[in-house]
Amino acid sequence: MTIIDGKEVAAAARREISAEVRKMTDSGAPAPHLVAILVGSDGASQTYVGHKEKCCHEVGFRSTVMRLPQETTQAELLEKIAALNADVNVDGFIVQLPLPPHISEQKIIEAIDQRKDVDGFHPVNTGRMISGLPSYLPATPDGILSLLKYYQIDTAGKHCVVIGRSNIVGRPIANLLSQKGWDCTVTLCHSRTANLKEVVASGDIVIAALGRAEFVTADMVKEGAVVIDVGITRVPSDKTKSGWKLLGDVKFDEVAPKCSYITPVPGGVGPMTIISLMQNTLRAARGEVYGKR
Ligand code: GUN
């Protein structure tokens, strides 16, 4: 059984991105510039945006964080987005989710120029992804693919069972793994799936992305399976300084001994999601997906 080390893969990717940025700046091109918009003061969002900012600095990107008050109106946010769409000094930007309830996330996502949508959430990028065209891939699915590639995990002809049908993880990863090059036979499970246990137990690869702590137990997993855990549920803990710890969607201690590969939480998929954002921003700066501006 191999524990997939997302921190190691992320560190290797950061070194690669830094080297590419150095080449760009040595040739006189500006460093890629990522902007993150954060509305309000949600604790987890502040942490995520802080990690993204730190990673930008590590790889040599320019990074700007726009912190807007909770009361920001949808119209005001749309104005900021229009300005970023038009700003030639900005290669890519993200609006951190969730947004306050008075703002429509869908309207905001659709207002972002798809050429700068380094989160890969715009329907144009989703549509291009599904059609197998160059696009910005959403961070978590892209991170999972990077881990499978790094560990040279054979996916062709394998039965991949994805649990959870969210727009940002389950549905895109199910689609991507069914595409040429990955060649999985994919089953996408959700809350209404019949015989879920039996279906998951038939998976050569299981991707748990339903957001329920320790949902996947040893009796649901086939011997030798590859298990990818996307869950990050915060639960109270008296053993940590912060007073909470992260649990995955997989009961790691009992599932791990049955696996050929498994991702831990934390330190598995999580560190790769920021890498994907960096890679998308680098591709945006190079005009690799939509051509040079
Ligand atoms: N909130 C949680 N994950 C993400 C993400 O990948 N991008 C954005 N913009 N917001 C998030």
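In this text the structure is predicted, and so the values were computed from the model without any measurement.

Caption draft 1: Representation of the environment of Leu68 within the structure. Counting through the fold element by element, Leu68 comes out in strand 3 (residues 62-68). Sequence-wise, Leu68 and Leu38 are 30 residues apart; in three dimensions their C-alpha atoms are separated by 6.1 Å. Residues contacting Leu68, with those up to four places away along its chain left out, are Ile37, Leu38, Val39, Gly40, Leu77 and Lys80.

Caption draft 2: Examining the nonpolar core more closely. Counting residues in hydrophobic clusters, the biggest one holds 53 residues, and the most contacted among them are Leu148, Leu177, Ile207, Ile228 and Met278. If you tally residues by element for this core, the top one is helix 10 (residues 270-286), at eight residues. Residues in contact with Leu177, not counting those within four places in the same chain, are Leu145, Leu148, Cys160, Trp182, Asp183, Cys184, Val186 and Ile207. Judged by nonpolar contacts, the second largest core, of 18 residues, contains Val206, Ala208, Val216 and Val227.

Caption draft 3: A look at the site of the ligand. Taken together, Lys52, Val95, Gln96, Leu97, Asp119 and Phe121 make up all the residues around the ligand. With respect to the ligand, the side chain of Gln96 contributes an N or O atom lying 3.1 Å from a nitrogen atom. Here Leu97 contributes a backbone N or O atom positioned 2.9 Å from a nitrogen atom of the ligand. Contact with the protein chains covers 77% of the free accessible surface of the ligand, which is 280 Å². Classifying every residue of the shell around the ligand gives three nonpolar, one polar and two charged.

Calculation rules
Residues numbered from 1 in each chain as written. Predicted model: local features only at pLDDT ≥ 70, side-chain atom pairs only at ≥ 80, totals over all residues. Heavy atoms only, no water. Helix = DSSP H or I, 4+ residues; strand = E, 2+ residues; numbered from the N terminus. Contact = heavy atoms within 4.5 Å. Core = buried A, V, L, I, M, F, W, Y, C linked by side-chain atoms within 4.5 Å. Buried < 20%, exposed > 50% of the residue type's maximum accessible area, 1.4 Å probe, protein only. Near = heavy atom within 4 Å. Polar contact = N/O pair within 3.5 Å; in protein donor to acceptor, adjacent residues only side chain to side chain. Areas by Shrake-Rupley, 256 points an atom, 1.4 Å probe, with all protein chains shown as cover. Nonpolar A, V, L, I, M, F, W, Y, C, P; charged D, E, K, R; others polar.

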